Amino acid sequence: MDNKKIWKAVLGELEVALSKAHFTTWFKNSFILSNENGIIIIGVPNFFTQEWLKNKYHGQITTSLKKFIPELKNIEYKVSTQTEPTIKVLDKNTVVVEEQNEQSSQNSSSEFNLNYTFSKYVVGSSNRLAYATSLAVGDKPGKKYNPLFIYGGVGLGKTHLIQAIGNEIKKKYPKKRIVYAPCEHFATEYINAIQNKTIEAFKKKYRKADLLLIDDIQFLSGKEGTQEEFFHTFNALYQTNKQIVLTSDRVPHAIPELADRLSSRFAGGMVTDIKPPDLETREAILKTKCEEKGYILDKEIIAFIAQKICSNIRELEGALNKIFTNIELYNIKPTQEMVARLLEDMITDTKRNLNPSKIFKIVASFFDIKIDDLLGPRRNKELVYPRQLTMYLLRHEVNYSFPRIGKELGGKDHTTIMHGVSKIEKEISKNEQIQRELSLIKEKLYL
Ligand code: ADP
Ligand code: MG
């Protein structure tokens with residue numbers, strides 16, 4: 001196997017294991033510089049990356065490389081450039097993200113991914129309303145749903161949808177000024193504008209937009225100055241009937257440390273959610289992605305992946321990428337056994353890493369309460385529900401016994417735990433809000 005193929009396979013594994021941002025930041029333009037007698041030298045673009053790979057990702061890189069180079073003895077990292085960027089081979093979506101990152105460092109707003117279109121968006125019961133409202137906005141911006149607020153967990157298609165609106169409007173109304181920015185970019189750009197005294201240019205850029213798309217608006221949380229600025233931007237656009245589209249991981253009023261005047265404005269137009277895809281939609285998505293990339297997988301294999309990987313669509317894509325890389329490497333048609341083996345990590349690894357303190361941390365931060373209060377004796381309404389949810393998670397996700405959960409939760413009686421768990425179990429079947437919160441929390445637990 002040549003070095004290029006090996007590195008491509010390693011990157012394929014790392015991409016699944018890391019967040020998109022980390023992956024692109026640290027592995028962009030990396031490659032195998034030499035491979036002799038079990039000594040591998042990895043070429044990286046700069047000193048900074050060299051340090052990071054060495055100190056932070058060395059373990060993961062080693063594990064992964066070993067699979068392809070069993071005789072591996074040592075890995076070194078060396079600053080070096082090659083003409084052809086490695087990531088380009090990997091997957092089309094990543095490339096554009098790479099370009100976005102470069103752009104953001106120059107502080108202009110990001111271009112959107114040309115692959116994120118309506119026609120490539122698979123519609124099912126979990127996202128139908130979000131899709132339909134986005135379509136309407138793309139058709140006649142500023143007319144019907146303003147602002148459009150789309151919320152849902154990670155990897156469920158919010159960024160795809162908001163950019164699809166951008167792509168559609170760009171096509172239909174080429175003259176309209178479209179400004180797209182992940183919220184973090186907006187915040188950084190604002191702060192830089194203050195420091196560099198370019199605030200007028202900043203204001204002009206955002207307040208003169210015909211269409212403003214801000215992704216992951218929950219990142220305004222706690223940033224008072226940026227909120228203030230965004231409030232004025234919002235008003236300027238809204239008053240002149242310019243379309244605003246926002247995405248978030250939760251409903252407006254549940255974003256912590258967000259000024260009321262903002263959350264009420266966000267909720268003042270159309271608020272729609274995207275839920276985790278059901279089995280049928282997961283199968284449809286897998287089929288579509290296979291066709292797009294020109295691979296054919298048996299029906300049984302598609303069904304198998306759809307059953308095993310249920311959290312979100314990014315994971316489904318990650319699973320497929322793993323399988324595709326394997327097909328490329330060994331040039332054989334995958335069997336279900338092979339697929340099961342390939343996806344083993346994705347299916348079980350996360351469960352193994354789960355422990356009570358992680359659950360406490362994530363539940364507490366989700367509800368914006370202190371861990372001490374979550375575990376403590378106080379019985380306020382704001383504490384009791386998160387506490388019961390914690391009991392439920394310990395029972396169902398780590399299979400602890402009732403007495404053990406009681407112990408973990410600061411010495412509570414097992415009957416209290418039984419009551420809490422069964423309360424949530426009953427509620428889940430009829431309360432959509434709980435279902436949604438639970439799936440958001442689970443996503444965070446297994447990230
Ligand atoms: P989010 O912004 O909600 O975290 P993304 O929009 O980044 O999620 O989606 C993750 C990946 O899944 C992207 O590559 C996207 O193209 C794909 N995806 C999400 N939803 C769909 C869908 N309904 N149909 C096809 N692909 C989808
Ligand atoms: Mg997103």
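Every residue gets a number counted from 1 within its own chain, in the order that chain's sequence is written. Chain A is the first chain written and ligand 1 is the first ligand written, with later ones labelled in order. With the structure being a predicted model, the display of local features is reserved for residues of pLDDT at least 70 and the display and counting of side-chain atom pairs for 80 or more, all residues being used for whole-chain, interface and lining totals. Hydrogens are left out, water is left out, and the side-chain values use all remaining heavy atoms of the structure.

Visitor: Give me the overall build of the protein: which residues, what numbers.
Guide: Labels follow the DSSP assignment, with helices taken as runs of H or I lasting at least four residues and strands as runs of E lasting at least two, numbered in each case from the N terminus. Counting its regular elements, the protein contains 21 helices and eight strands. Only the C-alpha atoms count toward the radius of gyration. The rule for a globule is 2.2 Å times the residue count to the power 0.38. For 447 residues, the compact-globule formula gives about 22 Å, and the C-alpha radius of gyration of the protein, at 24 Å, lands near that figure. Its C-alpha atoms give the protein principal-axis dimensions of about 65 × 65 × 45 Å. Counting the 447 residues in the protein, one finds 50% classified as buried. The long-range fraction of contacts in the protein, counting pairs at least 24 apart against all pairs at least 6 apart in sequence, stands at 72%. Carbon and sulfur atoms make up 51% of the accessible area of the protein, which totals about 22,100 Å². The charge count includes Lys and Arg as positive and Asp and Glu as negative, but it does not include His or the ends of the chains. Where a charge lies is defined by one atom per residue type: Lys uses NZ, Arg uses CZ, Asp uses CG and Glu uses CD. Each charge class in the protein can be summarised by its mean position, and for the 66 positive and 54 negative side chains these summaries are 3 Å apart. The classification of residues rests on relative accessible area computed with a 1.4 Å probe and restricted to protein chains. Under 20% of the type maximum is buried, over 50% is exposed, and intermediate values are partly exposed. Contacts between residues were defined by any pair of non-hydrogen atoms, one from each residue, lying within 4.5 Å. Residue exposure ignores everything except the shown protein chains as possible cover, and the areas themselves are Shrake-Rupley values with a 1.4 Å probe.

Visitor: How would you sum up the sheet that holds strand β8 (residues 270-274)? Please name residues and give values.
Guide: Any two strands with at least two DSSP-identified bridges between them are counted as paired. Taken in spatial order, the five strands line up as β5-β6-β7-β4-β8 in an open sheet, and their pairing is parallel. Each end of this open sheet is capped by a strand with a single partner; those strands are β5 (178-182) and β8. Each neighbouring strand pair of the sheet contributes to a mean axis angle of 15 degrees, computed without reference to strand direction. Pairing of strand β6 (residues 211-215) with strand β7 (residues 243-248) involves four bridges; the strand directions are parallel. Each residue of the ladder has a partner; that of L213, found in β7, is V245. Convention adopted: a line fitted to C-alpha atoms gives each axis, helices being fitted over their contacting stretch, and angles between N-to-C directions are expressed from 0 to 180 degrees.

Visitor: Describe the site of ligand 1, listing the residues and the values that go with them.
Guide: Whether a residue is near a molecule or strand is decided by its heavy atoms; if any one of them lies within 4 Å of it, the residue is near. Neighbouring ligand 1 are 18 residues; G155, T159, H160, K289 and E317 lie closest to it. In this structure, H160 approaches ligand 1 through a side-chain N or O atom, which is 2.7 Å from an oxygen atom. Considering ligand 1 on its own, with 560 Å² of exposed area, one finds that the protein chains cover 96% of that surface. Three categories are distinguished: nonpolar for Ala, Val, Leu, Ile, Met, Phe, Trp, Tyr, Cys and Pro, charged for Asp, Glu, Lys and Arg, and polar for the others, with Gly belonging to the last. Grouping the amino acids of the shell around ligand 1 by side-chain chemistry returns six nonpolar, seven polar and five charged. Pairs of N or O atoms are called polar contacts if they sit within 3.5 Å, as long as, within protein, a hydrogen donor faces a hydrogen acceptor (for residues adjacent in sequence, only side-chain-to-side-chain pairs).

Visitor: Break down the pattern of salt bridges for me, citing the residues and quoting the values.
Guide: The rule for a salt bridge is simple: a side-chain nitrogen of Lys or Arg has to be within 4 Å of a carboxyl oxygen of Asp or Glu. For the structure shown, the criterion picks out 18 salt bridges. In this structure, D249 and K444 form a salt bridge, with 3.4 Å as the shortest nitrogen-oxygen distance. Highlighted residues: D249 in the loop between β7 and α11 (260-266) and K444 in helix α21 (residues 432-445), separated in sequence by 195 residues. Given a relative accessible area of 31%, K444 falls into the partly exposed group. In this structure, the salt-bridge partner of K275 is D273, at a minimum N-O distance of 3.6 Å. Where salt bridges share partners, they join D139, K140, E168, K171 and K172 into one cluster.

Visitor: Help me get a handle on the nonpolar core, residues and values and all.
Guide: What we call a nonpolar core is a set of buried Ala, Val, Leu, Ile, Met, Phe, Trp, Tyr and Cys residues that are connected through their side-chain atoms within 4.5 Å. Ranked by internal contacts, the top residues of the largest apolar core, which has 30 residues, are L393, I441 and L445. Within the residue set of this core, elements represented by two or more residues are α16 (356-367), α18 (381-396), α20 (414-430) and α21. Among the elements that take part in this core, α16 stands out by supplying seven residues, more than any other. Setting aside residues no more than four positions away along its own chain, I441 makes contact with I362, V363, F366, F367, L389 and L393.

Visitor: Can you lay out empty space enclosed by the protein for me, pointing to particular residues and giving the numbers?
Guide: Leftover empty space is mapped by rolling, across the atoms, a probe with the size of a water molecule. Here a cavity denotes grid points, spaced 1 Å and computed from the protein atoms alone, that fit a 1.4 Å probe unable to get out, and a pocket denotes an open set having protein on both sides within 12 Å along at least 5 of 7 lines; residues with an atom within 4 Å of a point are the lining. Grid points are joined across faces, edges and corners, and a volume is the space filled by probe spheres set on the points. What the rule picks out here adds up to one cavity of 30 Å³ or more. Its volume calculated, the largest cavity comes out at about 50 Å³. What lines the largest cavity is simply Y151, G152, G153, L156, D249, I274, K275, P276, R436, S439 and L440. Taken together, the elements giving at least two residues each to the lining of the largest cavity come down to β4 (148-152) and α21. With three residues, α21 is the largest single contributor of residues to the lining of the largest cavity. By residue class, the composition of the lining of the largest cavity is five nonpolar, three polar and three charged.

Visitor: Quick one: what's the story with unusual backbone geometry, residue by residue and with numbers?
Guide: The residue after N146, namely P147, is reached through a cis peptide bond having omega -5 degrees. Residue position: P147 is located in the loop between α6 (128-139) and β4. The phi angle at K197 is positive, at roughly 55 degrees, despite the residue not being glycine. With respect to the element layout, K197 can be found in the loop between α8 (183-195) and α9 (199-207). One non-glycine residue with positive phi stands out, namely N399, at about 55 degrees. Locating N399 in the fold gives a position in the loop between α18 and α19 (402-408).

Geometric values such as these leave the question of function open.
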